[in-house]
Structure formats: structure tokens, C-alpha cells
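Here's the letter readout for the chains.
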Amino acid sequence: MAQSLLAVRKRINTVQSIRKITKAMKLIASSRYNKLKEIYDSNTAYISSLKYAMELCLQRVDFEKTAIPTCLTKNPGNKKLYIFITPTLGLCGSYYYNLDKLAKKYLTKDDDCIFIGEKGYKHYKNKVNLAIHDYVGLNENLTLNNVNYFRHELDKLYRDNLYSAIYIIYTKYLSSMSTEARIEQLLPLKEAKVNYEKPLKLPFFDGQSAKVADLIVPHYLDALIYRYFLESLISEQTCRKNSMENATSSADKLIYNLKLEYNKIRQQKITQEITEIVSGNNDTLS
């Protein structure tokens, strides 16, 4: 009986220690999430306006008379390049599981892949034709300058006709409780059409609209890649925050049940000792 009490007490202490860790990790993830959410909200208006301006600009470009920007041209062949954004750290629930499930449908032995994050690189480095790990830590120091440098490298690879298309596998942020693993085509850039609610005159450009497009499209690509990276980061912190919150709640329930068990065993021990004392007194009196 004493051994049982000691074992339950030891388990309660262990769960309480784990609960402190999960609660601390939840607070850290929540703090990072709040900071990233502010950046995300600010970035939403920026990329929407930039996309709108780019689409307006492209509508004024006569591609029959001028050269098509590299990012809009289609390269021959079937060789593909994937950018796979994964976490480096664990304890983020189903975040990597959903990415892995999606990647298995697309990544093959014939494809090349640029890995952002350690988990994806460790898992898939031997499952693709070429595993590029030069940018594994890019998400740990996410800045527009770093993204700009990364985009220039992608432009060079695409301009040299090494790949017919470049795709990005990332996690889209939907809400504080929901994320979704997705794959999007990065290059060639899909030219979208602007839908107007009311008739709107297209703007006039000072100079050739094609030259303006050559200037604005790279900025849009920078913003688009930065957006994908940012969504992956905020999704990771969302999943980690929710995962640690669930773990803390589970620890609270387990501690509650263990304390009930401890009190039950303790009460049984006290009852047994009282019974033994009463029985001993009765034997003495008789």
C-alpha cells in the first residue's frame, strides 16, 4: 500500500513537471504567434495592393510586340523544382504530418527540391534527385533582403531553362485554429485577370508599360515568396501553440485523476489502519 502511494505521488510530480514545460512552450508559441500575426496582417494589405497593381500593369502590356518577362514564359521539358518549407523543431502537432502527406504525392526521384527547414531535408534528402540544403535556415532569419536573394537564385535557375516549372509546398494559415498544407506554382507566374465591380479606366504609364512590368513583377515575386514563408511560420506557431495547449489540458486532467487515485489509496490505508487498531483492542479486551 505504501509503495502504491509512493508510485502515484511520483507520477503526479512527473506530470506536474511536464505540465510546466508544455505551459511554458505554449506561452512562448503564443508570443511568437502574436508577433507574426501583426506582420501577417500588415503584409496582407501590401501584397493585395501589389498584386492588383501588377495585374493592371500586365493588362497594358502587348506581349505580341514586346518580350514576355522571364517569370511568365513557359520552359520546355518536364523537369520540376520544388521548394519544401518544413519546421526545424518538433512538438507542433500535425503540422509536419500534413506537409509530409502532401509531399509524398508530388516529390519523386526525378525531381529536385530546395529544402527550408531540417525535418523535410532529413526525411527526403535520399528520396529526390537533388536535395538542395543551402537555404535550410532561411525561415529562422526571414527578411525581405534574404527573400530577394533567394528569388534571384530561383530566377537564374528558371532563366537557364533548367526547370519547366517551380512549385512551393507550404502551410497556409487559415485561422488561429486551422492551417492547411498546400502546393502552389511559383514559376511560370500565372497571369491573373482583374475583375472589376464597376467600369474602370486602365492607368497610363510614363514610359513603356513593359518596362514598368519588368520592374514591378520582381517585387511582386519577392512579396509572394515572403508571404509563403510567413504563412508557414505563423502556421507552425499556431500548431505548436494549440498542441501545447492540448497537452497542458491533458496534463491537468491526468493530475486531477491521479490525485483522486492517491486520495483513494490514502483513505483505504487509513481505514485499514483504523480497522487493525480496533481489531487489536478487541483482542486485548477479550
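Residues numbered from 1 in each chain as written. Predicted model: local features only at pLDDT ≥ 70, side-chain atom pairs only at ≥ 80, totals over all residues. Heavy atoms only, no water.

Caption draft 1: A look at the nonpolar core. In this structure, I83, I114, F150, L154, L186, L189 and F229 are the most contacted members of the largest nonpolar core, which totals 45 residues. Elements with a minimum of two residues in this core: α1 (2-59), β1 (80-85), β2 (112-116), α4 (144-159), β4 (165-175), β5 (178-187) and α5 (209-285). In this view, L154 contacts L81, I83, I114, I166, L186, L187 and I225; residues no more than four positions away in its chain are not counted. Of all hydrophobic cores here, the second largest spans 21 residues; its members include Y82, F84, Y124 and A181. (Core = buried A, V, L, I, M, F, W, Y, C linked by side-chain atoms within 4.5 Å. Buried < 20%, exposed > 50% of the residue type's maximum accessible area, 1.4 Å probe, protein only. Helix = DSSP H or I, 4+ residues; strand = E, 2+ residues; numbered from the N terminus. Contact = heavy atoms within 4.5 Å.)

Caption draft 2: Just the pattern of salt bridges, in detail. The tally for this structure, following the rule as stated, stands at eleven salt bridges. We note a salt bridge from R240 to E236, for which the minimum N-O separation is 3.1 Å. Residue R240 and its partner E236 are both found in helix α5; the two are separated by four residues, about one turn of the helix. A relative accessible area of 6% means that R240 is categorised as buried. One network of salt bridges, in which partners are shared, links R151, D155 and D222. (Salt bridge = Lys/Arg side-chain N within 4 Å of Asp/Glu carboxyl O.)

Caption draft 3: Spotlight on the pairing of β2. Burial runs high along β2: five of the five residues are buried. Residues D112, I114 and I116 of β2 are buried on one face, and the alternating residues C113 and F115, pointing to the opposite face, are buried as well. Pairing geometry for β2 and strand β3 (residues 130-132), over three bridges, is parallel. The partner of D112 across the bridge, within β3, is L130. Once you follow β2 into helix α3 (residues 118-124) and on to β3, the crossover reads as right-handed. (Pairing = 2+ DSSP bridges. Right-handed = clockwise from strand over helix to strand, strands pointing away.)

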